[in-house]
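So the chains spell out like this:
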Amino acid sequence: MILSEERAAVCEYARRMTADGLVVGTSGNVSMRSGDLVAVTPTGVDYATLRSQDVPVVSLDGSIVDGGLRPTSELPMHLTVYGKAADPDGKAVNAVVHTHSVYATAVSTLVEELPPIHYMVAAIGASARVAKYATYGTPELADAMLAALEERRGCLLANHGTITYGESLEAAYHRAQQLEWVSQVWLVARSAGTPSLLPPTEINHVVDKLRGYGQR
């Protein structure tokens, strides 16, 4: 079976999305790239029962290379990230995570950019923009997402959810979690009063600090 490791990882992280409350039912999707091929969650399949062999493999033009199930309807977003998104630090783009997480989706209906309530917004970039609304699964949504991703590793999708990418599925998933958590913090603070926000200079400073974060 081609891309066996990538397909297994897609299953694992699809189930994690459900367990962590980032999606409900069969919503949201995950993909992982290897060379010119992409393993991606299928459409309309319960992630609890998803097996590696159920994960379709597609080429970068969207053609199905292996697997008997149709890929997610959000395939245009995934392929646009792989084909056109550029990591701010020049790292490879090998994984994409799309969620319907509650707090980030709520924030996407209120503002055009997630307010800098906490420095971990820097996990996405200097800010986390909200992509303009377009119908799911359409080229228009992929285009709106790409504009919001300029110099960013993720964004909110208006009235829809989030999308993040990374050099690994672990990195992309971590960014999806951070985006949801920062969204929750802002909503909680906003419900209690007027939050104090961090200045852009501090967020940019943390963006630089995060480049050296973790074990090397």
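The name an unreviewed UniProt entry gives the chain is Class II aldolase/adducin family protein, with Amycolatopsis acididurans as the organism.

S.K.: Is there a simple way to explain the sheet that holds strand β9 (residues 161-166) in this structure?
M.R.: Adjacent strands of a sheet pair through backbone hydrogen bonds, lying either parallel or antiparallel. Spatially, the 9 strands line up as an open sheet ordered β4-β3-β2-β1-β5-β9-β8-β7-β6, and their pairing is mixed. A strand with exactly one partner marks an edge of an open sheet, and here the two such strands are β4 (64-66) and β6 (113-114). In terms of strand pairing, strand β5 (residues 95-99) meets β9 through 5 bridges, oriented antiparallel. Counterpart to V96 in the pairing with β9 is Y165. Docked against the sheet, helix α4 (residues 139-148) engages β7 (128-131), β8 (154-157) and β9, running at close to 160° with respect to β7.

S.K.: What exactly am I supposed to notice about helix α2 (residues 75-84) here?
M.R.: Every α-helix winds through 3.6 residues per turn, so residues three or four apart in the chain are directed the same way. Burial runs high along α2: 7 of the 10 residues are buried. Taken residue by residue, α2 has L75, M77, H78, L79, T80, V81 and Y82 as its buried positions.

S.K.: Please clarify how the nonpolar core should be interpreted in this entry.
M.R.: Nonpolar side chains tend to gather and get buried jointly when the protein is soluble and globular. Core analysis: the largest hydrophobic core is formed by 23 residues, its most contacted members being M77, V81, M145, C155, L157, I163 and Y165. Where this core is concerned, the elements lending two or more residues are β2 (37-40), α2, α4, β8 and β9. Leave out the neighbours within four places in its chain, and L157 touches M77, H98, S108, V130, A131, L141, M145, T162 and I163. Counting residues in hydrophobic clusters, the runner-up holds 22 residues, among them L3, L22, V30 and V55.

S.K.: What am I meant to see in the UniProt feature "domain: Class II aldolase/adducin N-terminal" (unreviewed entry) in the chain here?
M.R.: Under the feature "domain: Class II aldolase/adducin N-terminal" (unreviewed entry), the UniProt entry names residues 8-187. The distance from the first to the last C-alpha atom of residues 8-187 is 35 Å, and the span holds 32% helix and 21% strand.

S.K.: Help me understand the pairing of β8 in this model?
M.R.: Residues in a regular strand project their side chains so that they alternate between the two faces of the sheet. Both faces of β8 are covered, namely the face carrying G154 and L156 and the face carrying C155 and L157. The β-α-β motif built from β7, the intervening α4 and the parallel element β8 has right-handed crossover chirality. The sheet contact formed by β8 and β9 spans 4 bridges and is antiparallel. Of the residues in β9, the one forming a bridge with C155 is I163. In textbook terms, the turn of a hairpin is the stretch between consecutive antiparallel strands, and for β8 and β9 this stretch comprises 3 residues, one of which, N159, has a positive phi near 55°.

S.K.: Would you mind showing me how to read the pairing of strand β1 (residues 29-34) here?
M.R.: Sheet topology places β1 next to β5; 4 bridges connect them, and they run antiparallel. When the sheet's bridge partners are listed, V30 is paired in β5 with V97. The sheet contact formed by β1 and β2 spans 4 bridges and is antiparallel. The residue bridging S34 from the neighbouring strand is L37, located in β2. Hairpin connection from β1 to β2: 2 residues lie between these consecutive antiparallel strands, with G35 at a positive phi of about 65°.

S.K.: Could you clarify how one ought to interpret the environment of L79 in this entry?
M.R.: Among the secondary structure elements, L79 is positioned in helix α2. On the accessibility criterion, L79 (15% relative accessible area) is buried. Setting aside anything within four residues of it in sequence, one finds L79 in contact with V38, V58, S59, L60, D61 and G62.

S.K.: How should I be thinking about the side chain of T162 in this particular structure?
M.R.: Mapped onto the fold, T162 is located in strand β9. Reaching out from T162, the side chain makes a polar contact with the side chain of T99 at a distance of 2.7 Å. What T162 contacts, discounting residues up to four positions off in sequence, is V97, H98, T99, S101, A104, C155, L156, L157 and L179.

S.K.: Looking at this structure, I do not really get the packing of helix α1 (residues 4-19) against helix α5 (residues 169-192). What am I missing?
M.R.: Each packed pair of helices is defined by two parameters, the angle between the axes and the distance between the axes. Across the interface, α1 lies against α5 with an axial gap of 11 Å and an inter-helix angle of 15°. Considering the angle they form, α1 stands roughly parallel to α5. Between α1 and α5 lies a crossing of right-handed hand. Contacts from A9, V10, Y13, R16 and M17 of α1 reach α5 at L169, E170, Y173 and Q177. Here the residues of the contact of α1 with α5 are counted per class, giving 6 nonpolar, 1 polar and 2 charged.

Quick notes on the rules
- Residues numbered from 1 in each chain as written.
- Predicted model: local features only at pLDDT ≥ 70, side-chain atom pairs only at ≥ 80, totals over all residues.
- Heavy atoms only, no water.
- Pairing = 2+ DSSP bridges.
- Helix = DSSP H or I, 4+ residues; strand = E, 2+ residues; numbered from the N terminus.
- Contact = heavy atoms within 4.5 Å.
- Axes fitted to C-alpha atoms, helices over the stretch in contact; angles between N-to-C directions.
- Buried < 20%, exposed > 50% of the residue type's maximum accessible area, 1.4 Å probe, protein only.
- Core = buried A, V, L, I, M, F, W, Y, C linked by side-chain atoms within 4.5 Å.
- UniProt positions renumbered as here; feature names shortened; annotations may be inferred.
- Right-handed = clockwise from strand over helix to strand, strands pointing away.
- Polar contact = N/O pair within 3.5 Å; in protein donor to acceptor, adjacent residues only side chain to side chain.
- Parallel < 35°, antiparallel > 145°, perpendicular 65-115°, else oblique.
- Left-handed = near helix turned anticlockwise from the far one by under 90°.
- Nonpolar A, V, L, I, M, F, W, Y, C, P; charged D, E, K, R; others polar.

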